[in-house]
Amino acid sequence: MVGPVDALAGDEDRPVEVLDPDRSDHLEALSAAPVLALDLETDNFHAYRERTCLLQLATPERDWFFDPLGLDALPPSLTEALGREDREVILHAGDNDVRSLVRDFGLRLGRLFDTALAARILGLAQLGLKGLLEDVLEVEIDKGEQRSDWSRRPLAVEQLRYARQDVRWLTQLRERLAVLLDEKGRRAWHEEECERTRWVEPTEKRFDPESWRKVKAAKSLGPRGRAVMATLWRWRESEAEATNTPAVRVAYPEQLARVAKVADAHGDRVLDKLSGFTFLPPHLDRDKLRSVVESGLVAPDPGARRPPRPRLDSAPPALDAEGKVRLERLREGRAQWAADLGMDPGFLLANAILERIARAAPQEAEDLEGVDGLGRWRAEALGQEIMHAVCL
């Protein structure tokens, strides 16, 4: 059971239902809709291995919930409705949603309209859904349930109300943004970016055993403290994976750093102090923690600096002197080009793209379309300016 969906019936002047893929009237309503708004909720704040916990859909006339928990694939009728090429699926900042649907269900969405991408291309001040709805539609929504545990059942009425509002207004928002894109002649730019989003791939979760060095409190540790901190860091990750719990719910980085700091100052006497560390989460198994700290005390010093990362065979070579000059000129030009277009410079041309252009040293504007990540619309809109910057 998803939750008390009936309690939402009076919230809006439009029906809301739990989607039943076996009901012909539900399928007909989805099939007949000219567009379909979509959002989803995951348990990323409550689990080590993220999964999709709820799908929210909206047609121009009604809103729907679908519960995908426990499914390896969505029902064929829903997969077909979401994968159609002859209508748009509307999302907001949908790249993570696309990745989640591919990862969990092998579903690749059909043609997209991403309202966050439209806002970026238009150069709007607000990019988040809450601010964008306020500016464009004068609609206020509440984001208070953003970090809820969406894997629990039944969901609370507050969670359902929050989830519904994330798709309730997307169709109207899409209509207003589409007009603005047409007025600026940037609809093709948006379509290209949406197609790129459509084909993003899921990213594999990877643990970096050296990431403890980013913890502010760990930067002043000595050799013994660093060894304990590195050992605790690896242990925390293994505990999180074994219990399918976010690492921060095992222990916060700052808490581990405090243990390491005591070990740094007092050596193995830290073992006698562990039971009195009230700053540690009460759920931690102190015997297990003691064993981990003991291992850290005899571990070698990992060093004050991060060891060099192994160079990948596919990694590009460092820029030569002329390449560095081209890169600097591109960075200077980007600031002006972004101002002229009213766009964020990082969205217009990411640093990685600038470096690829500088390394490629294109001789003709036509060569720019071969630069990974640049794309057609950027090459057409900025081709002459880019060539002027790279021609030394």
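Before any of the text, the structure's been laid out above.
For every chain, the first residue of the written sequence is number 1, and numbering continues from 1 along that sequence. This being a predicted model, a pLDDT of at least 70 is required before a residue's local features are given, and a value of 80 or more before pairs of side-chain atoms are given or counted; all residues contribute to the totals for chains, interfaces and linings. Only hydrogens and water are set aside when side-chain values are computed; all heavy atoms of the structure are taken into account.

Draft legend 1. Layout of the pattern of salt bridges. Criterion for a salt bridge: a side-chain nitrogen of Lys or Arg within 4 Å of a carboxyl oxygen of Asp or Glu. Tallied over the entire structure, the rule returns 30 salt bridges. The shortest N-O distance in the salt bridge between R23 and D25 comes to 2.6 Å. Three labels apply to residues, based on accessible area from a 1.4 Å probe with only protein chains included: buried if under 20% of the type maximum, exposed if over 50%, partly exposed otherwise in between. Owing to a relative accessible area of 36%, R23 belongs among the partly exposed residues under this scheme. Residue classification places D25 among the partly exposed residues on the basis of a relative accessible area of 37%. The salt bridge partner of R226 is D301, with a shortest N-O separation of 2.8 Å.

Draft legend 2. How the structure looks around the side chain of R164. Working definition: helices are DSSP H or I runs of at least four residues, strands are E runs of at least two. Numbering for both runs from the N terminus. Among the secondary structure elements, R164 is positioned in helix α6 (residues 157–168). Pairs of N or O atoms within 3.5 Å make up the polar contacts considered here, provided that, within protein, one atom can donate a hydrogen while the other can accept it, and that residues adjacent in sequence are counted only when both atoms are side-chain atoms. A distance of 2.7 Å separates polar atoms of two side chains, one belonging to R164 and the other to D63.

Draft legend 3. Highlighting unusual backbone geometry. Here the residue pair R153 and P154 is connected by a cis peptide bond, since its omega of -5° sits within 30 degrees of zero. Here P154 shows up in the loop between α5 (129–136) and α6. Phi is positive for A93, which is not a glycine, with a value near 50°. In this structure, A93 sits in the loop between β5 (88–91) and α3 (95–105). Take A93: its relative accessible area is 39%, and that puts it in the partly exposed class. Positive phi, close to 50°, is recorded for N244, a residue that is not glycine. As for its position among the elements, N244 is in the loop between α9 (223–243) and α10 (247–250). Judged by its relative accessible area of 27%, N244 is partly exposed.

Draft legend 4. Geometry of the layout of surface pockets. Here the largest pocket defines a volume of roughly 1200 Å³. Points on a 1 Å grid over protein atoms alone make up a cavity when a 1.4 Å probe fits among them but cannot get out, and a pocket when they form an open set with protein on both sides within 12 Å along at least five of seven lines; lining residues each have an atom within 4 Å of a point. Contributing to the lining of the largest pocket are 40 residues, with T42, N44, F45, E50 and N96 lying nearest its centre. Here the lining of the largest pocket gets six residues from one element, more than from any other, and that element is α3. For this classification, the nonpolar set comprises Ala, Val, Leu, Ile, Met, Phe, Trp, Tyr, Cys and Pro, the charged set comprises Asp, Glu, Lys and Arg, and every other residue, Gly included, is treated as polar. Among the residues making up the lining of the largest pocket, the classes are represented as 15 nonpolar, nine polar and 16 charged. Grid points are joined across faces, edges and corners, and a volume is the space filled by probe spheres set on the points. In this structure, the second largest pocket spans a volume of roughly 380 Å³. Around the second largest pocket sit 20 residues that line it, and L117, E193, R196, T197 and F347 are the ones nearest its centre. Those elements giving two or more residues to the lining of the second largest pocket turn out to be α3, α4 (115–122), α8 (187–198) and α15 (345–348). Of the residues assigned to the lining of the second largest pocket, the class counts are nine nonpolar, four polar and seven charged.

Draft legend 5. Up close: the environment of R164. Residue classification places R164 among the buried residues on the basis of a relative accessible area of 4%. A distance of 3.1 Å separates the side chain of R164 from the backbone oxygen of L8, its partner in a polar contact.

Draft legend 6. Here's a closer look at α8. Helix span, expected: 1.5 Å multiplied by one less than the number of residues in the helix. Under the 1.5 Å per step criterion, the end-to-end length of α8 is 16 Å for twelve residues, consistent within 8% with the ideal 16 Å. For α8, the full list of buried residues reads W189, H190, E192, E193, C194, T197 and R198.

Draft legend 7. Geometry of the packing of aromatic side chains. Each Phe, Tyr or Trp ring, with Trp reduced to its six-membered ring, pairs with another whose centre is within 6.5 Å; inter-plane angles below 30 degrees give stacked pairs, above 60 give edge-to-face pairs, and intermediate values give tilted ones. Enumeration over the complete set of coordinates arrives at three aromatic pairs. A positively charged side chain is recorded as over a ring if its NZ (Lys) or CZ (Arg) lies within 6 Å of the ring centre. The angle to the ring normal must also be within 35 degrees. Here the basic side chain of R174 rests over the ring of F113, its NZ or CZ set 5.0 Å away from the ring centre. Positioned above the aromatic ring of F279 is the side chain of R258, whose terminal nitrogen or guanidinium carbon lies 3.9 Å from the ring centre.

Draft legend 8. Quick look at the sheet that holds strand β3 (residues 52–58). One bridge is not enough; two strands pair if DSSP finds at least two bridges between them. Spatial strand order, β1-β4-β3-β2-β5-β6: six strands in an open sheet with mixed pairing. Taken across any chain shown, the strands that pair with only one partner, and hence form the sheet edges, are β1 (16–18) and β6 (112–114). Across the sheet, the mean angle separating the axes of adjacent strands is 25° when strand polarity is ignored. Pairing of β5 with β6 involves three bridges; the strand directions are parallel. Residue pairing in the sheet places I90 in a bridge with F113 of β6. Any two residues having at least one pair of non-hydrogen atoms within 4.5 Å are treated as being in contact. Only C-alpha atoms enter the line fits that serve as axes; for helices the fit covers just the stretch in contact. Angles between N-to-C directions range over 0 to 180 degrees. In the packing of helix α1 (residues 24–32) onto the sheet, the strands contacted are β1, β2 (35–42) and β4 (63–66), and the crossing angle to β4 comes to about 120°.

Draft legend 9. The arrangement of the side chain of T52 in detail. Along the chain, the position of T52 falls in strand β3. Here D104 takes part through its side chain, which lies 2.7 Å from a polar atom of the side chain of T52. Contact partners of T52, with chain neighbours within four places excluded, come to L40, E41, T42, P68, L69, S100, R103, D104 and F105.

Draft legend 10. Looking closely at α4. Most of α4 sits inside the fold, with seven of its eight residues counted as buried. What α4 keeps buried is the set T115, A116, L117, A118, A119, I121 and L122. Along its buried surface, α4 packs onto β5, β6, α5, α7 (170–184), α8 and α15. For α4, the N-terminal cap is D114; the gap from its side-chain oxygen to the backbone nitrogen of A116 is 2.9 Å. Taken from the residues just after α4, G123 is the one with a positive phi, measuring 75°.

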